[in-house]
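# Chain and residue survey
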Amino acid sequence: MRTYDVIVVGAGHAGCEAALAAARLGASTALITMALDQIGTMPCNPAIGGPGKSQLVREIDALGGAMARVSDETTIHIRVLNTSKGAAMQVRRAQADRTDYKRVWRRILEDEDGIELVEGTVEDLIVRERRASGIRLRDGIELGTTAVILATGTFLHGRVLMGEIGYAAGRAGEPPSKSLADSLEQLGYSLERLKTGTPPRVRRETVDTDRLERQPTSDVPLAFSFWNEPRTLPDEYPVFVSHTNEATHRIIEENLAKSAIYAGLMSGEGPRHCPSLETKIVTFPGRASHKVFLEPEGRTSDEIYLQGIYTAMAPEVQEAIVHSIDGLESAYIERYGYNIEYDFIDPIHLRDSLETDRIGGLYFAGQINGTTGYEEAAAQGLLAGINAARAVHGETPIILSRGDAFIGVLIDDLVTKGITEPYRMLPSRAEYRISLREGNADLRLAELGHAIGLLPDACYERAAEKRKAVDRLLSKLQTTRIGPTHPINERLVACGSTPLRNNGASLFELLRRPHVRLSDLLPQAEPPADVADEVMIAGKYAGYLEQHEREIDRLKRMEGIAIPPDVRYEELSNLSIEGRDLLARVRPQSFGQACRVPGVSQADLSMLAIHLRR
């Protein structure tokens, strides 16, 4: 029997990051996939980033993961979103060449020492004494290990639905994983159902873009990875914007029975924040239109992805819907949209290391935990890979808190609250989102990535130099005071601010004013753009950041109060019955986590705190 330190099942975004992290941390790793040519595939939209998701990508990059670099190497179009909002709220979103993205991921994995790619279908987990010890493939081959990471995507009992058509599939054209799902049930895991969807894809040359809004690629140099030099791209693959209309909505309303969702053929819950088009029409009957983004699939692809038209309608209805939309009247549909329903396992039974509480050495990452999105999957895969490798080497797991990173928010939400619908990372989920910006992920996490051995020396040194430059500039602003006779008063008036009087002010105090920019205060200074951005944000958001710092310190103190794993909540008679049941279900690892368990009252938390002090 061949043996490995870590076996990763599934080579989507979660599996790729997991295998790469484990191997780079010195664990011999097998990455098992049903089809080697589908490694790193983008089955849904050909894009990386956006609100909430961009933060995840940059954090993965700061820790030493690969998603941002792969994105940069394959990007054909990139923009900054939320430009009308403050700098702390602005995020990147990139269109990737779908074919190139797969190619680059496979090259990275094949070039990495310590990874073996295995094409095969996993049918069973081998468990001995409540620990994962291997897997069994369909052809009877057994592979031994001390840690298994399941990153199975939508393949567990996957089923594709389109109108009245339904068939077993992990994705369109690929078989589902039935035996592995059955194996998990036999091990005591309760499988539940979710669903998600894809839109139609149309042939580029049949689309009339003359009347549509054009979104060009950025004319400002950009990169997703902190370690790549920003660059501008040729504006050859723009995104276009159209809208649904009254005719579109009428077609959908008249044909709801031809949607698998409304024909009662699906039981899984769909994503509330990224619903099907028919769900949008039913849920928001007063809306006259919904945006449709026409996204290019790649340099050599003739397909256009119709972002916003996720649907489970019958093919003939999809034809009518598409042709009712401006610019798509003559569009030829090359691939119809469909919904896919699949099994997931309630993430409430995971530890915050992503190891399961039922079987030692078994980790779950990605859609098997009820999440949706490439970025959410990759973030979980990275942490699962890191922690599986560390467990192999007898090291403690890496846990990111809500005050550390969006990744910490994502994992804490999953393991503390569970899910009732596919989980999507949103900025509103992060209480400290102004502190956890995409632009400062390197300052927050590079030291950790380097300490655990995943981030190379050169990258860490670059982040350290950025930190020093930011601190030097902030120190200069804070220690430099000027009075009412200083020439800078003229610049303050010119930018619409009030001139100084009496005792004057420090330059940092002036930077906190709404219309004052760094260049108004230090016209001779020319810091790098990323350093200037961090200093500007430190000034403009000073009050919020100071408040966040106090709250994060309090959070860390509460997280530091550990709850023994053998606490028997049913014996804590001072707690309410509901509180006992909720805490016993989640089994929080710290008092801080217990405070976030939905439904646990303040009275129960007070009683729990007394018990812990005893």
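In what follows, the structure referred to is the one given above.
Now for a quick tour of the structure. Small disclaimer: the values here were computed from a predicted structure and weren't measured.

Turning next to helix 16 (residues 529-540). For helix 16, with 12 residues, the first-to-last C-alpha span of 16 Å sits near the 16 Å given by 1.5 Å per residue. For helix 16, the complete set of buried residues consists of Val531, Ala532, Glu534, Val535, Met536, Ile537, Ala538 and Gly539. Tucked inside the fold, the buried residues of helix 16 contact helix 11 (441-451), helix 12 (457-479), helix 14 (507-511), helix 15 (518-521) and helix 17 (542-559).

Right, let's get into the packing of helix 1 (residues 13-24) against helix 4 (residues 98-111). With their axes 11 Å apart at the nearest point, helix 1 and helix 4 run at an angle of 25° to one another. Put simply, helix 1 runs roughly parallel to helix 4. Note that helix 1 runs across helix 4; the crossing there is left-handed. Residues His13, Cys16, Glu17, Leu20 and Arg24 of helix 1 pack against Tyr101, Trp105, Ile108 and Leu109 of helix 4. Broken down by class, the residue content of the contact of helix 1 with helix 4 amounts to 6 nonpolar, 1 polar and 2 charged.

So, about the sheet that holds strand 3 (residues 29-33). Strand order across the open sheet formed by 5 strands is 7-3-2-11-22, with parallel pairing between neighbours. Both outer strands of the open sheet, strand 7 (115-119) and strand 22 (362-364), are each paired with one neighbouring strand and no more. Adjacent strand axes in the sheet meet at a mean angle of 20°, parallel and antiparallel pairs treated alike. Note that strand 2 (residues 6-9) and strand 3 share 4 bridges and pair parallel. In the sheet register, valine 9 faces strand 3, and the bridge partner there is isoleucine 32. Along the sheet, helix 9 (residues 374-392) makes contact with strand 2, strand 11 (147-150) and strand 22, crossing strand 11 at roughly 170°.

This part covers the packing of aromatic side chains. Following the criterion strictly, the structure yields 3 aromatic pairs and no others. Between phenylalanine 226 and tryptophan 227, the ring centres sit 5.8 Å apart and the planes meet at 50°, which makes this aromatic pair tilted. Assigned by exposure class, phenylalanine 226 and tryptophan 227 land together as buried. Residue placement shows arginine 58 over the ring face of phenylalanine 226; its charged tip is 3.8 Å from the ring centre. We note arginine 429 situated over the ring of tyrosine 423; from NZ or CZ to the ring centre the distance is 4.2 Å.

Cut-off values and rules
Residues numbered from 1 in each chain as written. Predicted model: local features only at pLDDT ≥ 70, side-chain atom pairs only at ≥ 80, totals over all residues. Heavy atoms only, no water. Helix = DSSP H or I, 4+ residues; strand = E, 2+ residues; numbered from the N terminus. Expected span 1.5 Å × (residues − 1). Buried < 20%, exposed > 50% of the residue type's maximum accessible area, 1.4 Å probe, protein only. Contact = heavy atoms within 4.5 Å. Axes fitted to C-alpha atoms, helices over the stretch in contact; angles between N-to-C directions. Parallel < 35°, antiparallel > 145°, perpendicular 65-115°, else oblique. Left-handed = near helix turned anticlockwise from the far one by under 90°. Nonpolar A, V, L, I, M, F, W, Y, C, P; charged D, E, K, R; others polar. Pairing = 2+ DSSP bridges. Phe/Tyr/Trp six-rings, centres within 6.5 Å; stacked < 30°, edge-to-face > 60°. Lys NZ or Arg CZ within 6 Å of the ring centre and 35° of its normal.

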